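Examining the three-dimensional arrangement
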Amino acid sequence: MAATTARAPDDPARTRRTKDTIPVTLLPPDALADRLKSGLLSFPVTHFDAELQFDEARYREHLAWQSGFDVAGLFAAGGTGEGFSLTSAEMDRVVRVAVDEVADRVPVIAPATGGTAVSVAQAQAAQAAGASGLLLFPPYLTEASQRGLVEHIGAVCRATDLGVIVYSRANAVLTDATVAEVAERNPNLIGLKDGVGDIEQMTRTYARVGDRLIYVGGLPTAETFALPLLQLGVTTYSSALYNFLPEFALRFYAAVRAQDRTAVYQMLNDFVIPYLDIRDRAKGYAVSIVKAGLTAVGRDGGRVRPPLSDLTEAELAELTALVDKVS
């Protein structure tokens, strides 16, 4: 995969500096879409210190390691990155650190969360920070009609020049008709991240919208669903496993793209399914187990912030023994 620097003068990517004089490469929405759908996506954890404050040094070290492999994009402060536990100021800092550390090599996608006004402000902050794109999460807490979601997505898309991926899950599950409408109304909407796994709904969406958007698998431990969803146009996914087993995650992704069922199911049996057995023991472990995985490979993932809880010592030992089998 080509790096995002040293481009020819007629390349569509344009280089700029943020107000903090960080050199970054901003990919236009269509070029960003092409980049993201070409490979596996990284959703790095956010490191905290002993007082559960953002640990910039360890986060930078992690990003440098993550960006050293053939990854198509890095999503800062996402779900695996505990974006839900960050203040807006912390989120902005995490995004800026990610841009500063890796944006010369990997596109950085920032989050937008909460209600429409908050999401708009975070989208504008992400653009000012030099992010390459935006992942729009469901509105906080409240349920919404499809009409309300159309307006919410449109407001965020209009607030930024960045390419936007909308996350369909929880209280913001989008119908195929809604996806088609927001795709038509918002040129910089480039993707749909699926956090539901409804085969019929994804079939309807792809049949109606086709390749106008890219489709990102966004279910917890997305490797479990990667092979069947590939048939529905979901060419990439957010790999939490990549945080601590990047080479394994990339081998798995390559097997999925090659539709090598034997290899996929061998890796599911060897690691992914036993990993899921640990993950499913407590709510919130989908994030906690990723930080524990980093600790298991000797990279110190640290603790999660409440309301999440960390794995027990016995569970960490079990995970470490599992990791050792595939490392």
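Read on for an overview of the structure. The structure displayed is predicted, hence computed values, not measured ones. (Residues numbered from 1 in each chain as written. Predicted model: local features only at pLDDT ≥ 70, side-chain atom pairs only at ≥ 80, totals over all residues. Heavy atoms only, no water.)

In this fold, Asn-243 is placed in the loop between strand S10 (234-239) and helix H9 (246-257). Looking at Asn-243, the relative accessible area reads 0%, which means it is buried. Once the C-alpha coordinates of Asn-243 and Val-290 are considered, the two residues, 47 residues apart in sequence, prove to be 7.0 Å apart. If near-sequence neighbours (up to four positions away) are discounted, Asn-243 is found in contact with Phe-43, Pro-44, Val-45, His-62, Trp-65, Gln-66, Thr-80, Val-290 and Leu-294. Here Phe-43 takes part through its backbone oxygen, which lies 3.0 Å from a polar atom of the side chain of Asn-243. In terms of polar contacts, Asn-243 uses its side chain to reach the side chain of His-62, at 2.9 Å. (Helix = DSSP H or I, 4+ residues; strand = E, 2+ residues; numbered from the N terminus. Buried < 20%, exposed > 50% of the residue type's maximum accessible area, 1.4 Å probe, protein only. Contact = heavy atoms within 4.5 Å. Polar contact = N/O pair within 3.5 Å; in protein donor to acceptor, adjacent residues only side chain to side chain.)

Let's shift gears to the sheet that holds S10. Taken together, the eight strands give a closed barrel; going around it, the order is S3-S4-S5-S6-S7-S8-S9-S10, and neighbouring strands pair in parallel fashion. As judged from the two bridges shared by strand S3 (residues 41-42) and S10, these two strands associate in the parallel manner. Bridge assignment links Leu-41 to a residue of S10, and that residue is Ser-238. (Pairing = 2+ DSSP bridges.)

Here we come to the packing of aromatic side chains. Across all of its chains, the model carries 11 aromatic pairs by this definition. Taken together, the ring pairs connect Phe-244, Phe-248, Phe-252, Phe-271 and Tyr-275 into an aromatic cluster. For Lys-193, the ring lying beneath its charged end belongs to Tyr-167, and the centroid distance is 4.3 Å. Over the ring of Phe-48 we find Arg-305; its NZ or CZ atom is 4.3 Å from the centre of that ring. (Phe/Tyr/Trp six-rings, centres within 6.5 Å; stacked < 30°, edge-to-face > 60°. Lys NZ or Arg CZ within 6 Å of the ring centre and 35° of its normal.)

Take Glu-315: it is sitting in helix H12 (residues 313-326). One buried charged residue, Glu-315, forms no salt bridge at all, with the nearest opposite charge on Arg-281 at 4.2 Å. Not counting residues within four places of it along the chain, the set of residues in contact with Glu-315 comprises Ile-278, Arg-281 and Tyr-285. (Lys, Arg positive; Asp, Glu negative; His and termini not counted. Salt bridge = Lys/Arg side-chain N within 4 Å of Asp/Glu carboxyl O.)

Looking now at the layout of surface pockets. The computed volume of the largest pocket comes to approximately 1000 Å³. Taken together, 40 residues line the largest pocket, and the ones lying closest to its centre are Gly-79, Phe-84, Phe-137, Tyr-167 and Arg-169. Every element with two or more residues in the lining of the largest pocket is listed here: helix H4 (116-129), helix H10 (261-279) and helix H11 (285-296). Per-element accounting of the lining of the largest pocket gives the leading share, three residues, to H11. Taken together, the residues of the lining of the largest pocket break down into 23 nonpolar, 12 polar and five charged. (1 Å grid on protein atoms, 1.4 Å probe; cavity = no way out; pocket = protein on both sides within 12 Å on 5 of 7 lines; lining within 4 Å. Points joined across faces, edges and corners; volume = space filled by probe spheres on them. Nonpolar A, V, L, I, M, F, W, Y, C, P; charged D, E, K, R; others polar.)

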